[in-house]
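Listed below, chain by chain, are the residues.
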Amino acid sequence: MSLLLDIFLLVIALGLLVPVAVLFIECCAALLPARLESNSREIPRPSIAVLIPAHNEAAGIGTTLKTILPQLTEHDRLIVIADNCNDETAVIARTFGATVLERKDAERRGKGYALDYGLRFIEQDPPEVVVLVDADCIVHTGTIDKIARLAAAKGQPVQATYLMEQPANPKPKDAVSALAFTVKNLVRPSGLSRLGLPCLLTGTGMAFPWSIIREAPLASGNIVEDMQLALDLAIIGHPAVFCGEAKVIGLLPQQEQAATSQRTRWEHGHLQTLLTQVPRLLKASVKQRRFDLLTIALDLFVPPLSLLVMLWAAATVATLLTGTLGFSSWIPAIILASQGLLIFISIFGAWGKFGRADLPIQTLLAVPFYILWKIPLYFAFLIRPQTKWVRTERDSANAPKP
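Thresholds, definitions, all that
- Residues numbered from 1 in each chain as written.
- Predicted model: local features only at pLDDT ≥ 70, side-chain atom pairs only at ≥ 80, totals over all residues.
- Heavy atoms only, no water.
- Axes fitted to C-alpha atoms, helices over the stretch in contact; angles between N-to-C directions.
- Helix = DSSP H or I, 4+ residues; strand = E, 2+ residues; numbered from the N terminus.
- Parallel < 35°, antiparallel > 145°, perpendicular 65-115°, else oblique.
- Left-handed = near helix turned anticlockwise from the far one by under 90°.
- Contact = heavy atoms within 4.5 Å.
- Nonpolar A, V, L, I, M, F, W, Y, C, P; charged D, E, K, R; others polar.
- Salt bridge = Lys/Arg side-chain N within 4 Å of Asp/Glu carboxyl O.
- Pairing = 2+ DSSP bridges.

Trainee: Provide a residue-level description of the packing of helix α1 (residues 2-29) against helix α11 (residues 305-324), including the pertinent values.
Mentor: α11 packs onto α1 with a crossing angle of 150° between their chain directions and a minimal axis gap of 11 Å. The orientation of α1 with respect to α11, classified from their angle, is roughly antiparallel. Helix-helix and strand crossings are classified by hand; for α1 and α11 the assignment is left-handed. Along its contact with α1, which presents Leu5, Leu9, Ile12, Leu16, Pro19, Val20 and Leu23, the element α11 presents Leu305, Leu308, Leu311, Trp312, Ala315, Thr319 and Thr322. Its residues assigned to classes, the contact of α1 with α11 shows 12 nonpolar, two polar and no charged.

Structure (structure tokens):
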């Protein structure tokens, strides 16, 4: 019995070692100097079509459009897909000079369907590069040009840095959530970029050569359609490139219910994709003999940071308890203790270089409370995982300041 328990705990410890080691390597690599890339500005600026899917975004779409319009030239197009809207989204977008497509389909709802509708509209006169931006984001100056030129130069999808700003009256968990977002969408992709490896797509601030996006399987209700798109394109030979200099900013919801809904959709979708797509990527990497697909699989295998810490803590408590009672050896506990050190170094290092200016050191002290807040979310995944797209309710002032 003692031997079986030892083996069981050792398997758990070694299983957790994989995502912890990947997290550690990515975060440490992010601390290295940036790789020298070829200057994409040396090539002519490609023609661009910016597609913005929008569902009832009247409260904030004007702010988003104000940040995009100055970045476009007379050869570019700005297209808003007002998807199943019952507010003034379409009217407001037209006042800014955007081309507005109004789509009505109560059965097929979601961002993927809206983007597919927009692509079908421009296919008769396609641009060289398509840029996808959410309707509730601030697009920093120069971002459209940077990601479009890089997509044209590389012939690959490009992902800008996508971060979240805290609401006007932040709670401690908002700061931790912003830090977790920074680790996922800036630190880890930066580390992969330093190592010359591809990244995942994160949902907004994405640029695609037309030759790639025109065949992309977008028309679905997948709740993490961006992540799935990144995997589908990578498998057929078009992995995404990270552009850390370009930046898009969203806003964490102020309302508790909206914040929970948003995190549920993101993290349930991440976990579903992890479980179904990691084996697919591993199989494809062996079949195609491609190391980049292996690295994408390993990156995807890292669960949401709070869940990873939660699993590590539970396993550590179990090994310490059984070791103290003499039911198992201390080897699993030693392995897990080493992993705890790696997690701490990863998070602290990420905060020190990428989050210290905006997030005080007290943010790290609130991490345990943030994890407790997330426990019901993960239990819900075991009982009734979210599988359908649900729009996050916006706050009355639903966009960060430009």
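Trainee: Lay out the pattern of salt bridges with the relevant residues and their values.
Mentor: A side chain of one charge can pair with a side chain of the opposite charge if their charged atoms are brought near each other. This model, assessed by the stated rule, comprises 16 salt bridges. With a shortest N-O distance of 2.8 Å, Arg280 and Asp232 are connected by a salt bridge. Of the two residues, Arg280 is situated in helix α9 (residues 256-288) and Asp232 in helix α8 (residues 225-235); the sequence distance between them amounts to 48 residues. Linking Asp292 and Arg290 is a salt bridge whose minimum nitrogen-to-oxygen distance equals 2.8 Å. The structure contains a network of salt bridges with shared partners spanning Arg45, Asp76, Asp145 and Arg149.

Trainee: Pulling in residues and values, what's your account of unusual backbone geometry?
Mentor: Although it is not a glycine, Asn56 adopts a positive phi angle of roughly 55°. With respect to the helices and strands, Asn56 occurs in the loop between β1 (48-54) and α2 (61-68). The phi angle at Arg289 is positive, at roughly 55°, despite the residue not being glycine. Take Arg289: it is sitting in the loop between α9 and α10 (291-301).

Trainee: Would you mind going over the sheet that holds strand β7 (residues 206-209) in detail, with residue names and values included?
Mentor: Reading across from one edge, β3-β2-β1-β4-β7-β6-β8-β5 is the order of the eight strands in this open sheet, with mixed pairing throughout. Strands at the two margins of the open sheet, each flanked by one partner only, are β3 (99-103) and β5 (138-139). The pairing of strand β2 (residues 77-83) with β3 spans five bridges and is classified as parallel. In the strand pairing of β3, Val80 is matched with Val100. Packed onto the sheet, helix α5 (residues 143-154) meets β1, β4 (129-132), β5, β6 (158-165), β7 and β8 (241-251) and runs at close to 145° relative to β8.

Fair warning: the whole summary comes from geometry, so function is off the table for now.
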